[in-house]
Amino acid sequence: MDYELLIDSGKFDIEIIDKLMQLYSQAVEYYSGMNDEKYMYFTERIQNTLLKPEILKIMKDHNGGDAAK
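All chains use their own residue numbering, which begins from 1 and follows the written sequence. The predicted origin of the model limits local features to residues at a pLDDT of at least 70 and limits the giving and counting of side-chain atom pairs to 80 or more, whereas totals for whole chains, interfaces and linings rest on all residues. Only hydrogens and water are removed before side-chain values are computed, so all heavy atoms of the structure are retained for them.

What to know about the overall build of the protein
Part 1 of the argument: Each helix corresponds to a stretch of at least 4 residues labelled H or I by DSSP, and each strand to a stretch of at least 2 residues labelled E; elements are numbered beginning at the N terminus. Helix and strand counts for the protein stand at four helices and zero strands.
Part 2 of the argument: Judged by the C-alpha coordinates and their principal axes, the protein covers about 40 × 25 × 15 Å.
Part 3 of the argument: For each residue, the accessible area found with a 1.4 Å probe, counting protein chains only, is set against the maximum for its type, and the residue is called buried under 20%, exposed over 50%, and partly exposed in between. Split into buried and exposed, the 69 residues of the protein put 22% on the buried side.
Part 4 of the argument: The contact rule is simple, with two residues in contact once any of their heavy atoms fall within 4.5 Å. In the protein, the share of contacts with a sequence separation of at least 24, taken over all contacts with a separation of at least 6, comes to 40%.
Part 5 of the argument: Using the Shrake-Rupley algorithm and a 1.4 Å probe, accessible areas are obtained, with residue cover drawn only from the displayed protein chains. Carbon and sulfur atoms make up 53% of the accessible area of the protein, which amounts to about 5100 Å² in all.
Part 6 of the argument: None of His or the chain ends enter the tally, which takes Lys and Arg as positive and Asp and Glu as negative. For this purpose, a charge sits on NZ of Lys, CZ of Arg, CG of Asp or CD of Glu. Taking the 8 positively charged and 13 negatively charged side chains of the protein as two groups, their mean positions are separated by 6 Å.

Okay, here's the thing in structure tokens:
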């Protein structure tokens, strides 16, 4: 939740994005393995986070412009 708040406040960098994506991915793995539909919530969180323009810009800048390809 701390990482989400940092992103929402605009105080984040690529490391924060990476950490948040790792946590979401772990939650998806865990709940999916438990046959718990909560994994869908975290899948949606990943998708919604990656669709934010400010996230896309940082990822694009970090990857040298390759994120849009």
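Digging into the environment of Tyr 41
Part 1 of the argument: For Tyr 41, the position within the fold is in helix H3 (residues 38–50).
Part 2 of the argument: You can call Tyr 41 partly exposed: its relative accessible area is 47%.
Part 3 of the argument: In this structure the C-alpha to C-alpha distance between Tyr 41 and Tyr 31, which are ten residues apart in sequence, comes to 9.9 Å.

With respect to unusual backbone geometry
Part 1 of the argument: Phi at Asn 35 takes a positive value of approximately 55 degrees, unusual for a residue other than glycine.
Part 2 of the argument: Asn 35 sits in the exposed class, given a relative accessible area of 72%.

Describing the packing of helix H2 (residues 14–33) against H3
Part 1 of the argument: Axis lines are fitted through C-alpha atoms, for helices just across the contact stretch, and the angle between N-to-C directions can take any value from 0 to 180 degrees. The contact between H2 and H3 brings their axes to 7 Å, and the two run at 155 degrees. Of the possible angle classes, the one that applies to H2 and H3 is roughly antiparallel. Crossing of H2 over H3 shows left-handed handedness. Taking contact as the criterion, the partners of Leu 20, Met 21, Tyr 24, Ser 25, Ala 27, Val 28, Tyr 31 and Ser 32 in H2 are, on H3, Lys 38, Tyr 39, Phe 42, Thr 43, Arg 45, Ile 46, Thr 49 and Leu 50. Angles below 35 degrees are treated as roughly parallel, those above 145 as roughly antiparallel, those between 65 and 115 as roughly perpendicular, and all remaining angles as oblique. Should the near helix be turned anticlockwise from the far one by less than a right angle, the crossing is left-handed, and should it be turned clockwise, the crossing is right-handed.

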